[in-house]
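Summary of structural features
Spelled out, the chains give:
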Amino acid sequence: MNLTLTSGKKIKVKQGVSILESLKRHGIFLTSSCGGKGTCGKCKIIVRSGDVESRSHIKLSRKEVHEGYALACMTSPVGDILIDIPKESTLTVEGKIVTSKSKDLLALFHSTGADIDPLSERIVLKLPAPSLDDNISDLERLKKELFANGLGCLRVPFRFMSNLARTVREKNWEITLSAIHSEDCYEIINIFPGDRKIPQYGIAVDIGTTTIVVYLIDLSDGHLIDVASIYNSQIRFGDDVITRIVNATENKEMGDLHRAVISDINELITILISNHKLDIDSIDSIVVSGNTTMIHFFLGLDPSAIREEPYIPTANTFPLSHAGELGIKVNRNVPVYSFPCVASYVGGDIVSGVLAVGMNKKEELSIFIDIGTNGEIVLGNSEWLVAAACSAGPCFEGSGMKHGMRATDGAIEGVKINPGTFEVEVKVIGDDTKPTGICGSGMIDAIAEMFLTGILNQKGKLQKNISDRVREGEDGLEFVVFFGESRDIVLAEPDIENIIRAKAAIYAGFSILLKEAGFTFDDVHKVYIAGGFGKFLDIEKSIILGLLPELPKDKFEYMGNTSIAGAYLCTLSRKLRGEAEEISRKMTYLELSVSRSFMDEYVSGLFIPHTNIEAFPGVKELTKK
Ligand code: FES
């Protein structure tokens, strides 16, 4: 059977195989947040001709069904078909590779007081030339010289033996060893003729569920050379970690998920290397941060037990691996350090974040929160750390939201509503870009403004007849944030409920951690916020929504992507890698899903800002105006 796209592309398909799956097998990817369960409604196609079999269209309106729309994951052809893929269903994972630089990181590194001590070091040796009187073998000569320089023993993997004789002679017995140092012994990862002390670069990677970021770092001085990032192409297997684990295990796509993340990292490294015209052999180490599931996929470990009670990962600490074992296209012997995790839902990205904000070094009580595809919270100080994950879901990253999207070009990231006319002013990411959706910070802004202007009540219900922007939509009442030419961007009541549930879970997480540790919000000295909100998160609006506690504004610090910042620090320093390991050992994990008081706190948070308005005196004042 043939499936033809209106663009002219033709692919062979099998009866009984969904259109989503058939397209995927031919490298055509649709947005599929739910991973093909028929519940997200994002994989819409239009059947132009031919017969199909459909299981369910619960996410389509009557009008759409009439126009030939179908969910690709729920539909399979029964003969030759012609289909169209609407723009909004097309997954642009390859997207655009963003490169940028940051100046502050080196200052952050220096503030730790650590010395530059990467995973591997370069040692330049000038060997004495052999003679009839000094006729020991090349390998013995090398080992002897290292020992004579007080550097200790040397292990030479067999693969370096065949070229050793040529390499040592090429530059008149001067050589550079690139080597990993452990237990007083060096293990060679590369040998160069002559003095190749510099350049030497390190790669730091943050594997986010949504975005992968790679830093290229000069290991001689800690300077950040460049940054590249891309959407995690595992998104084609689902937006959240659970859907991806299901795909990996039940649909036997583990290999595909592993290869997807490796290929993204390779693509980013290749771009950085070619932009800066570097020799691939100048890359000497790789440090990877990410949540527990992402690290499992990266290392090719079975993640299946992570999603089932009692939620056990294969490992929380990982032995050093090598680039070649994982398929990373640099010198195959380059060491790869994966961040230690704490539990299934508090991963290396959180350990890395705590290290980057330095709360493990401060005597005062701080809170660290990472709002990404989940909400992970850490409370503590230099003595102790306690962490929890509060299943906020990925709505702040746009998933499960009708017009939600990530904080990228075209996303509405700021919303202002005129309280008199209800006119809406939007701030869009990207120069002169037309809005195509709304990202987390835009949603927080919009809901807080809708609440302050009376468009939304405390229970998160839209008020009819207050403005013509509130109208009846396919999913009940909706608020039009932006009137578009081809489609309007709306926040529908189910979207608003979604956000309220997420913020209630996060606020409940704060409350329970404090309660369990015997503190209150007033004892908190700093709240560090990390997450994928781009450059913009309005603290005041987040308090109005009830996502953050009402504390003086100067107690909040928005830190951006702390996972990559921690990976950067560990690329440079052995001491800081040790600190990361200490953080992971020290952090106590609190399982909230079994906590009765978490449920009580969560239910109290299902209001704007909270059932207990006395905890938000400033917001109470604002609503009186
Ligand atoms: Fe088809 Fe979600 S509805 S992938």
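Nothing here was measured: the structure is a model prediction, and the numbers come from that model.

A few points about the overall build of the chain
The helix and strand tally for the chain stands at 17 helices and 30 strands. Against the globule reference of 25 Å for 625 residues, the chain gives a C-alpha radius of gyration of 27 Å, in line with a compact fold. Expressed along its principal axes, the backbone C-alpha trace of the chain runs to roughly 100 × 65 × 45 Å. The buried share of the chain, taken over its 625 residues, is 56%. Within the chain, counting contacts between residues at least 6 apart in sequence, those at least 24 apart form 66% of the total. Carbon and sulfur atoms provide 50% of the accessible area of the chain, an area that totals close to 26,500 Å².

Overview of the packing of aromatic side chains
In this structure the tally under the stated criterion is eight aromatic pairs. Between tyrosine 311 and tyrosine 345, the ring centres sit 6.1 Å apart and the planes meet at 70°, which makes this aromatic pair edge-to-face. Separated by 34 residues along the polypeptide, tyrosine 311 in the loop between α8 (292-299) and β17 (321-322) and tyrosine 345 in the loop between β18 (335-338) and α10 (348-357) bring together distant segments of the chain. Judged by relative accessible area, tyrosine 311 falls into the partly exposed class, the value being 25%. A ring pair is formed by tyrosine 507 and phenylalanine 521, whose centres lie 5.5 Å apart and whose planes are at 40°; its orientation type is tilted. Highlighted residues: tyrosine 507 in helix α12 (residues 493-517) and phenylalanine 521 in the loop between α12 and β28 (526-531), separated in sequence by 14 residues.

So, the sheet that holds strand β9 (residues 120-126)
The strand order β9-β11-β12-β10 describes an open sheet built from four strands, whose pairing is mixed. Edge positions in the sheet fall to β9 and β10 (153-155), since each has one partner strand and no second. In this sheet, neighbouring strand axes are inclined to one another by 45° on average, regardless of whether the strands run parallel or antiparallel. Together, β11 (174-182) and β12 (185-193) form the strand contacts of helix α5 (residues 161-170), whose direction differs from that of β12 by roughly 65°.

Focus: the sheet that holds strand β25 (residues 470-473)
Taken together, the three strands give an open sheet; going across it, the order is β25-β26-β27, and neighbouring strands pair in antiparallel fashion. The open sheet terminates on both sides in strands that have one partner only, identified here as β25 and β27 (489-492). When strand polarity is set aside, the average angle formed by the axes of neighbouring strands in this sheet is 45°. Taken together, the four bridges between strand β26 (residues 476-482) and β27 define a ladder with antiparallel strand orientation. By the bridge assignment, phenylalanine 479 is partnered in β27 with leucine 491.

Observations concerning the side chain of glutamate 376
If you trace the backbone, glutamate 376 turns up in strand β20 (residues 375-380). Despite being buried, glutamate 376 has no salt bridge partner; arginine 244 is the closest side chain of opposite charge, sitting 12 Å away. Discounting residues that sit within four places of it in the chain, glutamate 376 has contacts with Tyr345, Asp349, Ile350, Phe368, Ile369, Asp370, Ala388 and Ala389.

As for helix α11 (residues 440-452)
Counted at 1.5 Å a residue, the expected span for α11 with its 13 residues is 18 Å, and the 18 Å between its end C-alpha atoms agrees. Of all the 13 residues making up α11, twelve are buried; the element is thus mostly covered by neighbouring parts of the structure. Every buried residue of α11 is accounted for by Gly440, Ser441, Gly442, Met443, Ile444, Asp445, Ala446, Ile447, Ala448, Glu449, Met450 and Phe451. Positive backbone phi, approximately 85°, marks glycine 454, located one or two places after α11.

Topic: the pairing of β25
Direction of pairing for β25 relative to β26: antiparallel, over a ladder of four bridges. The residue bridging glutamate 472 from the neighbouring strand is leucine 477, located in β26.

Regarding the pattern of salt bridges
Considering all chains together, one arrives at 29 salt bridges under this definition. The residue glutamate 423 makes a salt bridge to arginine 469 at a minimum N-O spacing of 3.6 Å. In this pair, glutamate 423 is assigned in the loop between β22 (411-417) and β23 (424-428) and arginine 469 in the loop between α11 and β25, connecting sequence segments 46 residues apart. Under the relative-accessibility criterion, glutamate 423 is labelled partly exposed at 48%. The residue glutamate 557 makes a salt bridge to lysine 526 at a minimum N-O spacing of 3.4 Å. Within this pair, whereas glutamate 557 is found in strand β29 (residues 556-560), its partner lysine 526 is found in strand β28, the two being separated by 31 residues in sequence. Take lysine 526: its relative accessible area is 18%, and that puts it in the buried class.

Conventions and cut-offs
Residues numbered from 1 in each chain as written. Predicted model: local features only at pLDDT ≥ 70, side-chain atom pairs only at ≥ 80, totals over all residues. Heavy atoms only, no water. Helix = DSSP H or I, 4+ residues; strand = E, 2+ residues; numbered from the N terminus. Rg over C-alpha atoms; globule rule 2.2 N^0.38 Å. Buried < 20%, exposed > 50% of the residue type's maximum accessible area, 1.4 Å probe, protein only. Contact = heavy atoms within 4.5 Å. Areas by Shrake-Rupley, 256 points an atom, 1.4 Å probe, with all protein chains shown as cover. Phe/Tyr/Trp six-rings, centres within 6.5 Å; stacked < 30°, edge-to-face > 60°. Pairing = 2+ DSSP bridges. Axes fitted to C-alpha atoms, helices over the stretch in contact; angles between N-to-C directions. Lys, Arg positive; Asp, Glu negative; His and termini not counted. Salt bridge = Lys/Arg side-chain N within 4 Å of Asp/Glu carboxyl O. Expected span 1.5 Å × (residues − 1).

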